[in-house]
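As a plain string of letters, each chain reads:
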Amino acid sequence: MSADLRAASRTLTAAVLAVPGVRSVVPPGPALATLVRDVRTALDTPRDGAAVLVRQGDDGPVVRVVVTVDRGLPTTAVLREVRDTVRTTVVDVLGGPPAHLTVRAVEID
């Protein structure tokens, strides 16, 4: 990942973590794969703060976010807020909207 995309990932991760109801951002890779078995090890955000996947696609930035959310809040509302926050932040950081954006959630008691 280039330095600009890595910086964008850190900025997006911080923005997503600020959304009410988001407990954590799950980084892509083995931690996400083990989420079902061992939720506690998957909740750690990487030390450099970059947990949102950002890559350059043919048509523009491709962004993937997996968050854990509190069950006490409506998951759909939290996901919409995350989606809107990511879109706004991508425009601010990279100068245009994402070509593709995926937001997924895992509910935790």
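Keep in mind it's a predicted model, so treat the numbers as computed, not measured.

Caption draft 1: Broad picture of the pattern of salt bridges. Under the criterion given, the structure shown has two salt bridges. Across the pair Asp70 and Arg23 runs a salt bridge whose closest N-O atoms are separated by 3.5 Å. With Asp70 in strand 3 (residues 61-70) and Arg23 in strand 1 (residues 22-25), the pair connects residues that are 47 residues apart, well separated along the chain. Residue class for Arg23 comes out partly exposed when judged on its relative accessible area of 40%. Asp84 serves as the salt-bridge partner of Arg83, at 3.1 Å between the closest nitrogen and oxygen. Given a relative accessible area of 30%, Arg83 falls into the partly exposed group. By relative accessible area, which is 34% here, Asp84 ends up partly exposed.

Thresholds, definitions, all that
Residues numbered from 1 in each chain as written. Predicted model: local features only at pLDDT ≥ 70, side-chain atom pairs only at ≥ 80, totals over all residues. Heavy atoms only, no water. Salt bridge = Lys/Arg side-chain N within 4 Å of Asp/Glu carboxyl O. Helix = DSSP H or I, 4+ residues; strand = E, 2+ residues; numbered from the N terminus. Buried < 20%, exposed > 50% of the residue type's maximum accessible area, 1.4 Å probe, protein only.

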